[in-house]
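Working through the structure, step by step
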Amino acid sequence: MRWQRFTSGLASVALAALAVSTNLAYGALYTDASQLPTLDYDFVVIGAGAAGNVIATRLTENPNFSVLVIEAGISDQGILDVEVPFLALANLPNSSVTWNYSTTPQASLNNRVLTYPRGRVLGGSTSINLMTYTRGSDDEYNRWAELTGDDSWAWKNLAPFYFKSSRLVPPVDNHSTAGLVDPADHGFGPVEVSLPGLPSELDGRVVNTSKSSGAEFPFNIDIQSGDSVGVGIAQSTIGGGIRSSSSRAYLEPNINRTNLHVLIQNTVTRLVQSGSSRGVPIFKQVEFAPSSSAKRTIVTANKEVILSAGSIGTPQILMLSGIGDATELKPLGIKPVVNLPDVGKNLQDHPIMSNYWVVNSNNTFDDVLRNASIFNADLAQWLANKTGLFGNAPANAVAFLRIPNNASIFKSVRDPSAGPGSAHFEMIWADGFAASVIPQPATGHFVTINTAVVSPTSAGSVRLASADPFTFPLIDPNFFNTSFDQSAMLSAVKAARAFMAAPPWQGFVVSRFGPVGTAETDEDIIAAARDAIVTIWHPTSTARMSPRHASWGVVDPQLLVKGVSGLRIVDASVMPIIPAAHTSAPTYILAERAAQFIKEAWS
């Protein structure tokens, strides 16, 4: 979906209206180190994304704690494509609010190089993602507890932190959502979650197909219930027709706290060893600069440095600081301080691809993307009252489904899911042509089902390309590299086709479309997938959590970096294995849990 070209016509009017309508203003926000009142804080948080903003907000609830947040990106204020839900993809793959990364050639995707953006703006990737909100099943967190040997990560102990992080709000049009969501499965936190505020022509068909299918496509009234398997209407991080990012939910309401300072447009270049204790290196200083040629500044954390730079940035910063695989650091001229071979390893992500159908309808969003007049009319409606198409995420409905237990793949591969409440693959509906690899056709109306493998077994890595902190790292998700991932994507495609062939779609669906759509045999579908798969933007596990005395992993169950003092990691990189969920909600839960750890450690 390449939408940005339509936004320029109303840019000046839209931005002015946006500033008034969203009523956001930041207080203690700095762009230069010389503006900071001090270079000495209790805590320094690196990264203002999902996790970093939670940590900063919760720690500064204690007026005795001083916190500095350092964010490489810009402010999210006045950026229309961040605030307007439907315009989310205008920021992707590359824009002023993203780290414009790309992958190494992907061996199992015909050596394709994929764009791999991450959020480089206040809110991090919660300011650029497609807003689908799923916490994952209870099984996911119980597996984390098992892998780490720490019951703190079991769902029964994490549930309070989930309820503390988000809350259900009405859709922007205030229509009744009875029977499509269960309020009891939601909490009272700052992140706003809602169902679509503009029900589409797909919604009823999706629900009716599910309810009439029996066990094949079970209806799930709320995927936040703890059992995430089933079909339901999408829930998104949108409140009142506006994106609810970590910046809007956590940071903005608390930015005027006198003990919270936020420095933007500065990149952390390394962590600085500030001493040692009984042979253990202490890392309580952070070096940063606004550009590669600018003077570098060092700030001190008297209590802890909290690294929340995400699954790409966190391992990069660790390795630049001499924390990582010594055999990889030495050739780059970096002196190893702590040999932690797991840093940057075990990168996991959900491979996703688009499946298209030609449909008999004039109500899809296809013409909105082709016709500037229609686009501008929808944008004007959003500017006026936040309603209409633009007050909603592109996704209408989702399904998390499992491969049958008796499937042939399980004769040779152990089931990689967390348990019976977790899925192997996902389907995401959009009422229009969601362009990922092939461009939107000039004519016609379409429905897209994006299929994703959400219990992947492929794993890759993040490595340094050089010792220059302003050089992007080498990112290798190693997509589609296992027989299970290939089998799961094949199952997803077949499930999507079976779903769209059900009676509620008769007379609406005309035909399948595109290279994936015309592939018939299993071999042809997998071959087409190699040219169609992209990232769903869910990287995890590059600084894995493990039992305290385990030889593997990067952090212990309290998220303290092994072999050092003064350094904790709080972001998706510490997840011991990728959850079968969109990763923003699990990251919020993890960060709320971590904030409590930190408060308890320094109370």
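Nothing here was measured: the structure is a model prediction, and the numbers come from that model.

Procedures and definitions
Residues numbered from 1 in each chain as written. Predicted model: local features only at pLDDT ≥ 70, side-chain atom pairs only at ≥ 80, totals over all residues. Heavy atoms only, no water. Phe/Tyr/Trp six-rings, centres within 6.5 Å; stacked < 30°, edge-to-face > 60°. Helix = DSSP H or I, 4+ residues; strand = E, 2+ residues; numbered from the N terminus. Buried < 20%, exposed > 50% of the residue type's maximum accessible area, 1.4 Å probe, protein only. Lys NZ or Arg CZ within 6 Å of the ring centre and 35° of its normal. Pairing = 2+ DSSP bridges. Axes fitted to C-alpha atoms, helices over the stretch in contact; angles between N-to-C directions. Contact = heavy atoms within 4.5 Å. pLDDT = per-residue confidence, 0-100. Salt bridge = Lys/Arg side-chain N within 4 Å of Asp/Glu carboxyl O.

Digging into the packing of aromatic side chains
Scanning all chains against the criterion turns up 23 aromatic pairs. On the basis of an interplanar angle of 5° and a centroid distance of 5.8 Å, the ring pair of Trp99 and Tyr101 is categorised as stacked. Between Trp153 and Phe597 the ring centres are 6.0 Å apart and the planes differ by 70°, which places this aromatic pair in the edge-to-face class. With a gap of 444 residues between them, Trp153 in the loop between α4 (138-148) and α5 (155-165) and Phe597 in helix α15 (residues 584-601) connect regions that are remote in the sequence. Phe597 shares its class with Trp153; the two are buried. Taken together, the ring pairs connect Tyr141, Trp144, Trp153, Trp155, Tyr162, Phe163 and Phe597 into an aromatic cluster. Just above the ring of Phe508 sits the side chain of Arg205; from NZ or CZ to the centre is 4.1 Å. Just above the ring of Trp382 sits the side chain of Lys386; from NZ or CZ to the centre is 4.5 Å.

Things to note about the sheet that holds strand β17 (residues 345-347)
Strand order in the open sheet formed by three strands is β17-β22-β23, with antiparallel pairing between adjacent strands. Looking along the sheet, the strands with just one partner apiece sit at the ends: β17 and β23 (474-476). Averaged over all adjacent pairs, the angle separating strand axes in this sheet is 35°, with direction ignored. Across three bridges, the pairing between strand β22 (residues 460-463) and β23 is antiparallel. Each residue of the ladder has a partner; that of Val462, found in β23, is Ile475. Across the sheet, helix α8 (residues 310-320) touches β22 and β23, and the angle it forms with β22 is around 50°.

Some points on the side chain of Arg544
Of note, Arg544 is situated in the loop between β25 (534-535) and β26 (567-569). A relative accessible area of 17% places Arg544 in the buried class. With near-sequence residues (within four places) excluded, Arg544 lies in contact with Asp342, Asn346, Trp552, Gly553, Val554, Val555, Ser573, Val574, Met575 and Pro576.

Focus: the confidence of the model for the protein
On average, residues of the protein carry a pLDDT of 94, and 96% of them reach 70 or more. Segment residues 1-25 is flagged for pLDDT under 50; beyond a separation of four residues in sequence, or across chains, it makes 55 contacts in the model.

Section: the pattern of salt bridges
In total, this model carries 18 salt bridges according to the counting rule given. Across the pair Glu520 and Arg512 runs a salt bridge, and its minimum N-O distance is 2.9 Å. When its relative accessible area of 54% is taken as the criterion, Glu520 is described as exposed. A single salt-bridge network, built from bridges that share partners, covers Arg58, Glu61, Glu592 and Lys599.

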